[in-house]
Amino acid sequence: MNRFTYASVADTNAAFAELDEHDTPRYIAGGTNLLDLMKVNVEKPDHLIDITHLAFNKIEDTPDGGLRLGALVTNADTAWNEQVEKRYPLLSKAILAGASAQLRNMATNGGNMLQRTRCYYFYDTATPCNKREPGSGCSAINGYNRIHAILGASEDCIATHPSDMAVALAALNAMVNVTGKDGDRSIPFADFHRLPGDRPDLDNTLSAGEIITSIDVPPNGFANHFEYLKVRDRASYAFALVSVAVGLEMDGNIIKEARIALGGVAHKPWRNTEAEGLLTGQVALTENFKKVADAIIQDAKGYGDNTFKIELAKRAIVRALSTAAGLEVQA
Ligand SMILES: Cc1cc2nc3c(=O)[nH]c(=O)nc-3n(C[C@H](O)[C@H](O)[C@H](O)COP(=O)(O)OP(=O)(O)OC[C@H]3O[C@@H](n4cnc5c(N)ncnc54)[C@H](O)[C@@H]3O)c2cc1C
Ligand code: SF4
């Protein structure tokens, strides 16, 4: 690990001022991802700016009937918040499927969204990796790629985004509020994370130095018909091979609206709104769920070790939709 200095800031102006005084500064929140990356020399900040004392630490109602989740609220406090549990149980379930109780006590909502990929080669500085060192190559495409992407990948990077929380936020059509030297702005969740293209070093659309202040979830939390299904190698403390966040709006057994977001399959939480639309007005039946699963996965591509994810994702979508709709699910 390199030598670095540290400062704790009380407001965003102080944070921006700290940025100007250092070559490679980084914000630190819970530190559960950043410190791991520093230990293996993937991140080499010369200065850490501790943002945990900024005022973005509340969960509160928004005027439109939604909920604003402070970026510095921990994952644990978010998942167990009474309003989140009641109105957005999909989000609670997704967060609680991630990491461990100790990690969730430290991890913050902003940090969770900004955690980096778990691609083995990204962590191994002895191997080429375009995300870590642009232009060096991708070791995963022709290497061991069991955990890698099947959708939206590029020839430069086939990494996945590892967050569980982000998959639920994608399904809920959340909005990400950020602030920077040029002022405040809000980014629709679908536009927050990027596909790799020819710039896999960029995970998201934040501008340099911008701070996530909060995440807004709209009024409809799909609390009556939802599921977060996470398929992984171990029952806990493991990242998703494939995960599915589902929210259904139903009238009897007719689907009025369907939201389906996938994790573990792409560089960002994956939505296919056209395919979701196939369920509008349809009866909640397994055969209809299979059709939409086929449509979501139709452009998927396997790279060898991860090709099993194509069939796994289809089955996980059908299962999550069935659970959300209250259909009997086969073991
Ligand atoms: C063993 C292990 C298992 C895990 N398993 C899972 C899992 O199954 N599912 C899952 O979803 N996650 C999992 N995680 C990841 C964990 O959820 C993340 O490490 C955590 O959410 C990151 O939050 P943090 O506050 O600690 O971020 P930090 O490590 O402090 O920061 C991460 C990045 O975000 C930046 N940052 C943080 N907050 C802000 C902000 N408000 N504005 C701008 N930049 C910011 C930092 O500069 C840094 O680049 C696991 C982690 C570990 C170590
Ligand atoms: S998949 Fe992406 S993160 Fe992994 S080695 Fe290739 S470029 Fe690096």
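Keep in mind that what you see is a predicted model, and the values were worked out from it rather than measured.

(A) Molecular detail of the overall build of the chain. Within the chain, the regular secondary structure consists of 13 helices and twelve strands. Against the compact-globule benchmark of 20 Å for 331 residues, the chain has a radius of gyration of 20 Å, which places it among compact chains. Relative to its 331 residues, the chain shows a buried fraction of 52%. Restricting the contact set of the chain to residue pairs at least 6 apart, pairs at least 24 apart contribute 63%.

(B) Representation of unusual backbone geometry. The backbone of Asn-41 sits at a positive phi, close to 65°, despite the residue not being glycine. The residue Asn-41 is located in the loop between α2 (34–39) and β3 (47–50) in this model. Look at Ala-99: it is not a glycine, yet its phi comes out positive at around 55°.

(C) Representation of the packing of aromatic side chains. One pass over the full model with this rule turns up four aromatic pairs. With a centroid separation of 6.0 Å and 80° between ring planes, the pair formed by Tyr-120 and Tyr-121 is classed as edge-to-face. We classify Tyr-121 as buried; its relative accessible area is 16%. On the basis of relative accessibility, which here comes to 30%, the residue Tyr-120 falls in the partly exposed class. By way of ring pairs, the aromatic residues Tyr-120, Tyr-121 and Tyr-144 are connected into one cluster.

(D) Local environment of the site of ligand 2. Around ligand 2, 14 residues are found, and the nearest of them are Cys-119, Cys-129, Cys-138, Cys-157 and Ile-158. Split by residue class, the shell around ligand 2 holds nine nonpolar, three polar and two charged.

(E) Examining the nonpolar core more closely. One finds Leu-91, Met-113, Leu-169, Val-176, Phe-189 and Ile-212 to be the most contacted residues of the largest nonpolar core, which totals 34 residues. Those elements that provide at least two residues to this core are β5 (67–70), α5 (89–96), α9 (165–171), β6 (175–180), α10 (189–192) and β8 (211–217). Element by element, the count of residues in this core is highest for α9, at seven residues. Among residues more than four places away in sequence, those in contact with Leu-169 are Leu-69, Leu-91, Met-113, Ala-174, Phe-189, Ile-215 and Val-217. Among the nonpolar cores identified, the runner-up in size contains 33 residues, and Leu-151, Leu-248, Ala-320 and Leu-321 belong to it.

(F) Representation of the site of ligand 1. Taken together, 32 residues surround ligand 1, and among them Tyr-27, Gly-31, Thr-32, Thr-108 and Asp-164 come closest. Ala-29 has a polar backbone atom sitting 2.9 Å from an oxygen atom of ligand 1. At 3.4 Å from an oxygen atom of ligand 1 is found a main-chain nitrogen or oxygen belonging to Ala-238. Notes on ligand 1: free accessible area 980 Å², of which the protein chains cover 92%.

(G) Spotlight on the sheet that holds β6. Taken in spatial order, the five strands line up as β4-β5-β8-β6-β7 in an open sheet, and their pairing is antiparallel. Here the strands that pair on one side only, and so sit at the sheet edges, are β4 (59–61) and β7 (183–188). Neighbour-to-neighbour, the strand axes of this sheet turn through a mean angle of 25°, independent of strand direction. Sheet topology places β4 next to β5; three bridges connect them, and they run antiparallel. Paired with Asp-61 across the strands is Leu-67, a residue of β5.

(H) Quick look at the sheet that holds strand β9 (residues 226–231). What the four strands build is an open sheet, ordered β9-β10-β11-β12; its pairing is antiparallel. Either end of the sheet is taken by a strand with one partner, and the two such strands are β9 and β12 (270–271). Bridge analysis of strand β11 (residues 254–263) against β12 gives two bridges, and the strand direction is antiparallel. Bridge pairing in β12 places Ala-261 opposite Arg-271. Contacts from α5 reach β9 and β10 (242–251) within the one sheet, and its direction differs from that of β9 by about 15°. Across the sheet, helix α12 (residues 286–297) touches β11 and β12, and the angle it forms with β11 is around 40°.

Cut-off values and rules
- Residues numbered from 1 in each chain as written.
- Chains lettered and ligands numbered in written order.
- Predicted model: local features only at pLDDT ≥ 70, side-chain atom pairs only at ≥ 80, totals over all residues.
- Heavy atoms only, no water.
- Helix = DSSP H or I, 4+ residues; strand = E, 2+ residues; numbered from the N terminus.
- Rg over C-alpha atoms; globule rule 2.2 N^0.38 Å.
- Buried < 20%, exposed > 50% of the residue type's maximum accessible area, 1.4 Å probe, protein only.
- Contact = heavy atoms within 4.5 Å.
- Phe/Tyr/Trp six-rings, centres within 6.5 Å; stacked < 30°, edge-to-face > 60°.
- Near = heavy atom within 4 Å.
- Nonpolar A, V, L, I, M, F, W, Y, C, P; charged D, E, K, R; others polar.
- Core = buried A, V, L, I, M, F, W, Y, C linked by side-chain atoms within 4.5 Å.
- Polar contact = N/O pair within 3.5 Å; in protein donor to acceptor, adjacent residues only side chain to side chain.
- Areas by Shrake-Rupley, 256 points an atom, 1.4 Å probe, with all protein chains shown as cover.
- Pairing = 2+ DSSP bridges.
- Axes fitted to C-alpha atoms, helices over the stretch in contact; angles between N-to-C directions.

Keep in mind these values describe shape, not function.
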